Amino acid sequence: MNETRLEKFKNYRRSLNEVKANSQQEEVIQVRQQRTVTQTLNTTSTLPLDEVLGKIDEHQERLVGKRVTRRSLGIAAFIVTGILLVVGIVIFAIYAFGGGN
């Protein structure tokens, strides 16, 4: 048997009214209130945004400190290598050109 759209809609509206009537019962209202999450019952493990952003800033500062340390070590190694190279050239020149008799 084919129902027309109008009949389907009437049946749908009737069932919706039944659901609304059931949802207004005292027992259903109490259950709904018990399931409602309040501030005292909220036990999620989410972190506050300020705390997360603070940790990100601390982490970035540590990374910057490591980069500066690596960079300064690289510069220091380059300077020491240059000084040793200059000293080696000077010593070689002294011996090569007979300055040390």
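The rules we used
- Residue numbers restart at each chain and count upward from 1, following the sequence in its written direction.
- Local features are withheld for residues below a pLDDT of 70 in this predicted model, meaning they are given only at 70 or higher, and side-chain atom pairs are given and counted only at 80 or more; totals for whole chains, interfaces and linings count all residues.
- Neither water nor hydrogens contribute to the side-chain values; these are computed over all heavy atoms in the structure.
- Here a helix means four or more residues in a row that DSSP labels H or I, a strand means two or more in a row labelled E, and each is numbered from the N terminus.
- Buried, partly exposed and exposed residues are distinguished by accessible area as a fraction of the type maximum, computed with a 1.4 Å probe on protein chains only: under 20%, between the cut-offs, and over 50%, respectively.
- Every accessible area reported is derived by Shrake-Rupley at a probe size of 1.4 Å, with residue values counting cover from the shown protein chains alone.
- Think of it this way: a Phe, Tyr or Trp ring, Trp meaning its six-membered ring, pairs with another when their centres are within 6.5 Å, and the plane angle makes it stacked under 30 degrees, edge-to-face over 60, tilted otherwise.
- Within a predicted model, pLDDT stands for the predictor's per-residue confidence, ranging from 0 to 100.
- Patch criteria: residues need more than 30% relative accessible area and no salt bridge. Like-charged residues are merged within 9 Å; nonpolar side chains of Val, Leu, Ile, Met, Phe, Trp and Tyr are merged within 5 Å.
- We count a salt bridge whenever a side-chain nitrogen from Lys or Arg sits within 4 Å of a carboxyl oxygen from Asp or Glu.

What follows concerns the overall build of the protein chain. Counting secondary structure elements, the protein chain contains three helices and zero strands. Reading the helices (α) and strands (β) of the protein chain from amino to carboxyl end gives α-α-α. Looking at the protein chain as a whole, 0% of its 101 residues qualify as buried. With the model as given, the accessible surface of the protein chain reaches about 10,000 Å², and the carbon-plus-sulfur share is 61%.

This structure, assessed with the given rule, holds one aromatic pair. Measuring from centroid to centroid gives 6.5 Å for Phe-9 and Tyr-12, while their planes differ by 40°, and the two rings are tilted. Of this pair, Phe-9 and Tyr-12 are both found in helix H1 (residues 5–23), three residues apart, which corresponds to roughly one turn of the helix. Taking the relative accessible area as the measure of exposure, Phe-9 reaches 47% and is therefore partly exposed.

Per-residue pLDDT for the protein chain has a mean of 77; in total, 76% of the residues score no lower than 70. Across the protein chain, the element-wise mean pLDDT spans from 74 in helix H2 (residues 26–35) up to 83 in helix H3 (residues 49–96).

Residues Ile-75, Phe-78, Ile-79, Ile-83, Val-87, Ile-91 and Tyr-95 make up a contiguous nonpolar surface patch of roughly 780 Å² in combined accessible area. Residue classification places Ile-91 among the partly exposed positions, given a relative accessible area of 43%.

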